[in-house]
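A structural walkthrough
Given next are the chains, with one letter for each unit.
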Amino acid sequence: MGDFILGNAVLVLPDRLVRGALVVAEGRIAEIREGADLPPGALDCGGDFLAPGLIELHTDNLERHTEPRPKVPWPHEAAILAHDAELAGCGITTVFDALRVGSLPSRKKGRYGEYARALADDILGLRMAGVLKIDHLLHLRAEICSETLPEELAKFGAADGVGIVSLMDHTPGQRQFRDLTQLRHYLMGKHGFTEAEFNAHVADRLALSAEVGAAHEAAAVAAARRLGAHLASHDDTTGTDVAQSAAHGARFAEFPTTPEAARACQAAGIAVMMGAPNVIRGGSHSGNVAAETLAVAGCLDILSSDYVPAALLLAALRLGDLWSDLPRGVATVTAAPAAAVGLTDRGRLVPGLRADLVRFRRHGATVLLRGTWVAGQRVA
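Conventions we followed
Residues numbered from 1 in each chain as written. Predicted model: local features only at pLDDT ≥ 70, side-chain atom pairs only at ≥ 80, totals over all residues. Heavy atoms only, no water. Axes fitted to C-alpha atoms, helices over the stretch in contact; angles between N-to-C directions. Helix = DSSP H or I, 4+ residues; strand = E, 2+ residues; numbered from the N terminus. Parallel < 35°, antiparallel > 145°, perpendicular 65-115°, else oblique. Left-handed = near helix turned anticlockwise from the far one by under 90°. Contact = heavy atoms within 4.5 Å. Buried < 20%, exposed > 50% of the residue type's maximum accessible area, 1.4 Å probe, protein only. Pairing = 2+ DSSP bridges. Core = buried A, V, L, I, M, F, W, Y, C linked by side-chain atoms within 4.5 Å.

1. Side note on the packing of helix α2 (residues 76-88) against helix α3 (residues 116-129)
Contact geometry of α2 with α3 gives a least axis separation of 10 Å together with a crossing angle of 60°. If you check the angle between α2 and α3, you find them oblique. For α2 against α3, the interelement crossing comes out right-handed. Contacts between α2 and α3 pair His-76, Glu-77, Ile-80 and Leu-81 from the former with Ala-118, Leu-119, Asp-122, Ile-123 and Leu-126 from the latter.

What follows is the structure, encoded as C-alpha cells:
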C-alpha cells in the first residue's frame, strides 16, 4: 500500500471542481492541494477528472456471470472473480452484491431454486482470501411472493455482515408490474409463455401472495433488524406503498415506479434510488417513470447500475450535465449511496477518508476510465 500523489487533475470535491493534486498515504487521502502545478514525483493525470470510487448498492450483474445462459451454471469462484474485475474496470470500488432469497421450487412454469447461501459463502471466502479487487458486501433481495423466504433468511447471521435487505414483491398487478401488459410482454418474450400459461401464472402468484405475502414481508423486516442490515423498499408505486415502507424503517427506495411514490419517499425522508440504465436509455424498460423526470423534479438521490455496471459513471455525468452541477451528479454514485448505508469512511474526496478513487475523462457522449484505486491500491 504505497504512498503516491495524483497531480494535474480536476478533483471532484463534494461541492466544486478544482484543479489540483491528491496525496495518498497508507491507503487514505492525506491531503488535497489546489493549483495547476505538478508536485515532484506525482503521476500526471493530464487534466483527467479524479473522483471518489463509485458505490453500488444494487446490482444483479453477478447472476449474469453465475448463469451466462439460461440453465447453464458457471463455477461460482470464477464467476465472482470475473464480476469483480468488471466492476473495478467500471470505477466501482464498493459493491453490495444483490442475492435473491426466496424461491419457487415446486412450480411447473417459472420455477427457480435457492442459491444465495452458497454464493454468499463463496463471496465471503474470496474476500477473506484477499483476492478480490474491490470491496464486496451482501445485499439480500427478499422475494415476498415466494415459497421459501423465511427458511432462506434463517441461514444468514450476524457473521455474514449483510448490509442491505430489500423488500421485493413481484406479485402481478402491483409495483413494477402494475400494468399486466408489461408483465405479459416480459414473460412471453423472455420465458416463452403462451397466453394460457401467462393467465395461469398470474392466478398462481396472486394466490401465493394472498397466502404468504404478509407473513413473508414481516419475516424480511425482522431479518433486517436481526442482521443489523439497512432496509430498502423496492418498486414503490403509491403513497400507500411508501407509507408502509416508512413504517418498516426503509432507508432508501429502489426504483420507485411513479412520481407520486418518489415525492412521497422524499417527504418521508427516504432516499430515492433509480437505475443508471434508465438514465442512459431515456426511460424505464418496464414502462415506469423515467429517471430523468424525477431528476428534473429534484426527486432523485442515488443511482444504481442495476444490470449494466458500465452505466453507473456515465449516468452520473449525464445527471451532472442535466443539473449543470457535476459534483451533484457524481454524488449520486458516491456520497449519497455511502450515506444511505452508513459508510462514513468513503464516498468523498476529503482528507482522512479511504483512498477509493476513479480517474476518468469524457470522450464525446461517453466516458473513458483511466484508473481505479481501492484503499490506495490500484485495481484497474
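2. What about the pairing of strand β8 (residues 135-143)?
Most of β8 is tucked away, with nine of its nine residues classed as buried. Taking every second residue as pointing to the same face, both faces of β8 are buried, with Asp-135, Leu-137, His-139, Arg-141 and Glu-143 on one and His-136, Leu-138, Leu-140 and Ala-142 on the other. Looking at chain direction, strand β7 (residues 92-101) and β8 are connected through eight bridges and run parallel. Across the sheet, the residue bridging to Ala-98 is His-139, located in β8. Looking at chain direction, β8 and strand β9 (residues 162-168) are connected through six bridges and run parallel. Across the sheet, Glu-143 pairs through a bridge with Met-168, a residue of β9.

3. Brief notes about the environment of Val-202
Structurally, Val-202 is set in helix α6 (residues 195-227). Val-202 gets classed as buried once you look at its relative accessible area, which sits at 12%. The sequence separation of Val-202 and Leu-132 amounts to 70 residues, and the corresponding C-alpha distance is 41 Å.

4. What about the nonpolar core?
Counting 46 residues, the largest nonpolar core has Ile-92, Leu-294, Leu-300, Leu-303 and Phe-360 as the members making the most contacts within it. At nine residues, the largest contribution of residues to this core is made by helix α11 (residues 311-323). Dropping the residues within four chain positions of it, Phe-360 is found in contact with Asp-48, Phe-49, Ala-51, Leu-313, Leu-317, Val-367, Leu-368, Leu-369 and Arg-370. In terms of nonpolar packing, the next biggest core, distinct from the first, is built from 29 residues, Ala-120, Leu-124, Leu-153 and Leu-231 among them.

5. Points about the sheet that holds strand β12 (residues 271-275)
Taken in spatial order, the eight strands of this open sheet run β6-β7-β8-β9-β10-β11-β12-β13, and their pairing is parallel. Sheet topology places β6 (54-59) and β13 (302-304) at the edges, where each strand pairs with a single neighbour. Ignoring which end each strand starts from, the neighbouring axes of this sheet average 25° apart. Against the sheet, α2 makes contact with β6, β7 and β8, and its axis sits at roughly 140° relative to β7, the strand it touches most. Contacts from α3 reach β7 and β8, with the element oriented near 155° to β7.

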